[in-house]
Amino acid sequence: MSSSSSQLTTTGQGADRAPAGGGHRPGRDLPLLVLGAGSDSRSERGVSCPGELPAPSDPSLVRRAALARAELGDRAFVLGHHYQRDEVIRFADVTGDSFKLAREAAARPGAEYVVFCGVHFMAESADILTSPDQQVILPDLAAGCSMADMATYSQVEECWENLEDVGLAGTVIPVTYMNSSADIKAFTGRHGGTVCTSSNAKRALTWALAKGTKVLFLPDQHLGRNTAVLELGMNTADCVVWDPRKPGGGLDPEELRRATMILWRGHCSVHGRFVAGNVTEVRRRIGGVNVIVHPECVYEVVTAADLVGSTEKIISTIERAPAGSAWAVGTELNLVQRLAQTHQDKTIVFLDKTVCYCSTMNRIDLPHLVWAMESLAAGQVVNRITVDTQTAAEARAALDQMLALP
Ligand code: SF4
C-alpha cells in the first residue's frame, strides 16, 4: 500500500546550534513551553497534535482501536512503556522499559510501522535501532521528557569546550543515560563514551573510569550520584554538579580537577518529587513495609529506602515477593497502580500521598492512539520520528558500546 507522509520530526545537532558568530549564553535554550502550545525544534515538548482527534468521551474508542489494530496486523508493532496508561497498555504488543522496547522494535524487521507508546527520546532510539524502511510513530508529539530537555546539544558542547579550556577534556569520558535526546547520545558516541540504563549504570561507570579518570554524566545527576556513591563506593564529595545555566557550569577549574564525577544538573520531575519524609511517613503508617525506589530519586530517598532498582527490577522484585508482604514503591504512578491491581495478594502503595503521574507519558491516551492507528491503516503516516543519518550513526556507536559493556 502506498502511503502519504506528514508531520516528519527530524532531529539533528543543527537545530540546537547558535547562529554563526552569536556564541552561546548559558541556559539560553532551556525550553519553557506550555505542553501542546507552539513548537520548539530544540525541545522534545510543546508540539501540538496535528490531527483531528476523536473525543475522549467517544464510547466507541476501544472498538475503534481494536479494529484499527486488527486492520494493521503484522504491518504494525505497538510498544508500551511501563509508565503508560492502562487504556493504552492494553493495546501494546509488548511492554517494557525504554531500552527493552527499542530492542524489541529492532527484533521485528517485518513491521512496517513501530507505534511507540512512550516519549520522544524512546522513539528516537527505536528509529536508530530499526532498519531504514521501518517507520517509528509517536502518537502525540508533545510526549517529551523534561529530563531529556534539561541537556541540550549546545549546552553540552559548551560544557565540553570549557573542559577543553581547563585541560581536562582528554581525561573525561561522557556517559549518557538512555533518557536523553539522540543529539546527546551522538555527542557521547563522538567523544568515545557510552549510553547507560538504570540497570547497567554501574558497569558503564566502571568501564568509563577504566578508560579515563573522570566521567561527565548526562543528564540525570541523581542516577549518576547514586551509582557512584552507593555502587562504586565513592564519596558525595567526589561528585560535582555542572549547572548549564551558570558560566563555567558554576564550578571553578580546581573543583573540576578534584572531581571524579561531573554530574549534569538534570533530574526526573516525577522521581525527583519524592522526599525522605515520604519514607518515614509510610513506615509509620504501614508496619513492616518494604520501600523500593527508582535510582532517579534523590540520594536521601535512595539511602532511606530498603531497595533501589530500575523499573524492571521493581517489577520483578514485587512479582517474586511473598503473598501478604507490603511494599511502598517510589516510581511512576501508572506502574504502581498496575502492580497493585495485578498483585492483590500483596499490599502495594505509592510512596507519596500526592498523585504523581508523568505528565508527558500521559499525553499518549486512547484518542491519540486511535488517531495514529486509524491514520496508518488509511495509508497516512503521521507523527513519524526520524533521526538524521549522521546523528543516528554517532548515537548508534554509543548504544553499541553499551551493548558491549563488560
Ligand atoms: S518519568 Fe521522568 S524520566 Fe521518565 S519520561 Fe517522565 S519525566 Fe522523563
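First, a word on what this report is: a plain description of the structure on this page. Owing to the predicted nature of the structure, the values given are computational and were not obtained by experimental measurement.

**Things to note about the sheet that holds strand β8 (residues 194-196)**
Then comes step 1: Read across the sheet, five strands follow the order β8-β7-β9-β11-β10 without closing on themselves; strand pairing throughout is parallel. Both outer strands of the open sheet, β8 and β10 (239-242), are each paired with one neighbouring strand and no more. The sheet shows a mean angle of 25 degrees between the axes of neighbouring strands, taken without regard to direction.
Then comes step 2: Inspection of the sheet shows β10 paired to strand β11 (residues 261-264) by four bridges, in the parallel sense. Bridge assignment links C239 to a residue of β11, and that residue is M261.

**So, the sheet that holds strand β13 (residues 307-308)**
Then comes step 1: Strand order in the open sheet formed by four strands is β13-β12-β14-β15, and the pairing between neighbours is parallel. Both edges of this open sheet fall to β13 and β15 (347-350), since each of them pairs with a single strand only.

**With respect to the site of the ligand**
Then comes step 1: Lining the immediate surroundings of the ligand are 13 residues, of which C145, M147, C268, V270 and C358 lie closest.
Then comes step 2: Here the residues of the shell around the ligand sort into eight nonpolar, four polar and one charged.

**Let's talk about the nonpolar core**
What tends to happen in soluble globular proteins is that the nonpolar side chains get buried as a cluster.
Then comes step 1: Core analysis: the largest hydrophobic core is formed by 122 residues, its most contacted members being V114, V115, F116 and I262.
Then comes step 2: Here the element with the most residues in this core is helix α15 (residues 366-377); it accounts for seven residues.
Then comes step 3: When sequence neighbours within four positions are dropped, the list of residues in contact with V115 reads A76, V78, L79, I137, P139, A372 and M373.

Calculation rules
Residues numbered from 1 in each chain as written. Predicted model: local features only at pLDDT ≥ 70, side-chain atom pairs only at ≥ 80, totals over all residues. Pairing = 2+ DSSP bridges. Helix = DSSP H or I, 4+ residues; strand = E, 2+ residues; numbered from the N terminus. Axes fitted to C-alpha atoms, helices over the stretch in contact; angles between N-to-C directions. Near = placed C-beta within 6 Å. Nonpolar A, V, L, I, M, F, W, Y, C, P; charged D, E, K, R; others polar. Core = buried A, V, L, I, M, F, W, Y, C linked by C-beta atoms within 7 Å. Buried ≥ 20, exposed ≤ 12 C-beta atoms within 10 Å, placed from the backbone. Contact = placed C-beta atoms within 7 Å.

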